[in-house]
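Report on the structure
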Amino acid sequence: MLSERRLQVLRAIVQDYVGTEEPVGSKALTERHSLGVSPATVRNDMAALEDEGYIAQPHTSAGRIPTDKGYRLFVDKLAGVKPMTGPERRAIQNFLEGAVDLDDVVARTVRLLAQLTRQVAVVQYPSLTRSTVRHVELLSLAPARLMLVLITDTGRVEQRVVDCAAPFGDASLADLRARLNSRVANRRFADVPSLVEDLPEAFEHEDRGTVSTVLSTLLETLVEENEERLMIGGTANLTRFGHDFPLTIRPVLEALEEQVVLLKLLGEAQDPGVTVRIGHENAHAGLNSTSVVSVGYGSGGEAVAKLGVVGPTRMDYPGTMGAVRAVARYVGQILAES
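Position labels on residues start from 1 in each chain and follow its written sequence. Local features in this predicted model are restricted to residues whose pLDDT is 70 or higher, and side-chain atom pairs enter the listing and the counts only when it is 80 or higher, whereas totals over whole chains, interfaces and linings include all residues. Computation of side-chain values covers all heavy atoms of the structure but excludes hydrogens and water.

1. Focus: the sheet that holds strand 3 (residues 120-124)
When DSSP finds at least two bridges between two strands, those strands are taken to pair. To qualify as a helix, a DSSP run of H or I must reach at least 4 residues; to qualify as a strand, a run of E must reach at least 2; elements of each kind are numbered from the N terminus. Strand order across the open sheet formed by five strands is 7-3-10-9-8, with antiparallel pairing between neighbours. Looking at which strands have only one partner, the edges of the open sheet turn out to be strand 7 (230-233) and strand 8 (275-278). Here the strands of the sheet are splayed against their neighbours by 15° on average, with no regard to which way each runs. Note that strand 9 (residues 290-297) and strand 10 (residues 305-312) share eight bridges and pair antiparallel. Bridge assignment links V293 to a residue of strand 10, and that residue is V309. Residue contacts are defined here by distance: any two heavy atoms, one from each residue, within 4.5 Å place the two residues in contact. Interaxial angle, 0 to 180 degrees, is taken between N-to-C directions of lines fitted to C-alpha atoms, where a helix line uses only the stretch in contact. Taken strand by strand, helix 12 (residues 317-337) contacts strand 8, strand 9 and strand 10, and its axis lies near 25° from that of strand 9.

Next up, the structure:
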């Protein structure tokens, strides 16, 4: 374990390097920070930090920069994240409240995160598997053709056309709509199959085939593979950090184009709190020079998806973590009210 003084020196190095983009020397540290010790003592502390792998010397400079290990300790020892100011919070709320539907909420969230953090923003759409059914609507398009509309608690809307083997009357349609909603409204998707399995038996023999077809379509909608959708924005922000990527920015851009990589980066939606992955903690080689800050969001206190940002390891961690957490909280409120 590092002594409190050496931790203080490490914090000062991280703050200065993030702020100035320049390797940090002992003289500058003692001038900028009230460390309460001589430059010689700071030099000794820096030598110890370097021996233990928390800082390193770039070959062209006399100063030192934090390593992935140094950033990790800095983040783990953070006393708190940087809170949003009152005007920032109001701006976030006003911007997100203007959204007209779920796609607009996600698009606005991406833009907002990218602007606030000046990093790449990634927002996962609410996952169907972690959602609950708000309402199922059934509409007649033709005597033997129906439209099934599934509305979730997160505001997601899925529509499917159902072709029936025989005409299905308005009275039967109204009956199916009412019975279906009485069973599945406000229930978790995972519970729906068992809730509706005996529903066809409640109908006349000639209608059972159509009811089964409608239920099959509903269940297919609940388990579709393409549910894990993402939106990404602010990629151009990376060009401001060209010197933070040792060789080239291309591996980072290529990794960001792979949806599977991004979903793994964000992690499981159930993870509580803000998650920070630094440098080589990211399994994908193209992202070894980046840090990822992510958090779950959702309505009613339960996370249904993740959002986060990707940027260089030389990142304002307290500010980025504060922004990501605040945006997630407001998105959750909007989903709950929608």
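2. Some details on the nonpolar core
Counting 55 residues, the largest nonpolar core has L29, L307 and Y317 as its most contacted members. The greatest single-element share of this core, amounting to eleven residues, is contributed by helix 12. Each domain's extent was defined by an automatic or database domain assignment. Two domains each provide a minimum of three residues to this core, namely domain 1 (4-78) and domain 2 (86-126 + 228-337). When near neighbours in sequence (up to four residues on either side) are disregarded, L29 contacts V9, A12, I13, D16, V24, L35, V42 and M46. For the purposes of this section, nonpolar cores are sets of buried Ala, Val, Leu, Ile, Met, Phe, Trp, Tyr and Cys residues that join through side-chain atoms within 4.5 Å. The buried label applies to any residue whose accessible area, calculated with a 1.4 Å probe on protein chains only, is under 20% of its type's maximum; exposed applies above 50%, and partly exposed to all values in between.

3. Overview of the pattern of salt bridges
Definition used for salt bridges: Asp or Glu carboxyl oxygen within 4 Å of a side-chain nitrogen of Lys or Arg. Per the stated rule, a full pass over the model turns up 18 salt bridges. D45 is paired through a salt bridge with R5; the nearest N and O atoms lie 2.8 Å apart. In this pair, D45 sits in helix 3 (residues 39-51) while R5 sits in helix 1 (residues 4-20), placing the two residues 40 residues apart along the sequence. The class for R5 is partly exposed, based on a relative accessible area of 34%. Shared partners join several salt bridges into a network, and the residues in it are R5, R6 and D45.

4. Observations regarding the pairing of strand 4 (residues 133-142)
Bridge analysis of strand 4 against strand 5 (residues 145-152) gives eight bridges, and the strand direction is antiparallel. Within strand 5, the residue paired with E137 across the bridge is V149. Remark: two residues form the turn of the hairpin made by strand 4 and strand 5, two consecutive strands paired antiparallel.

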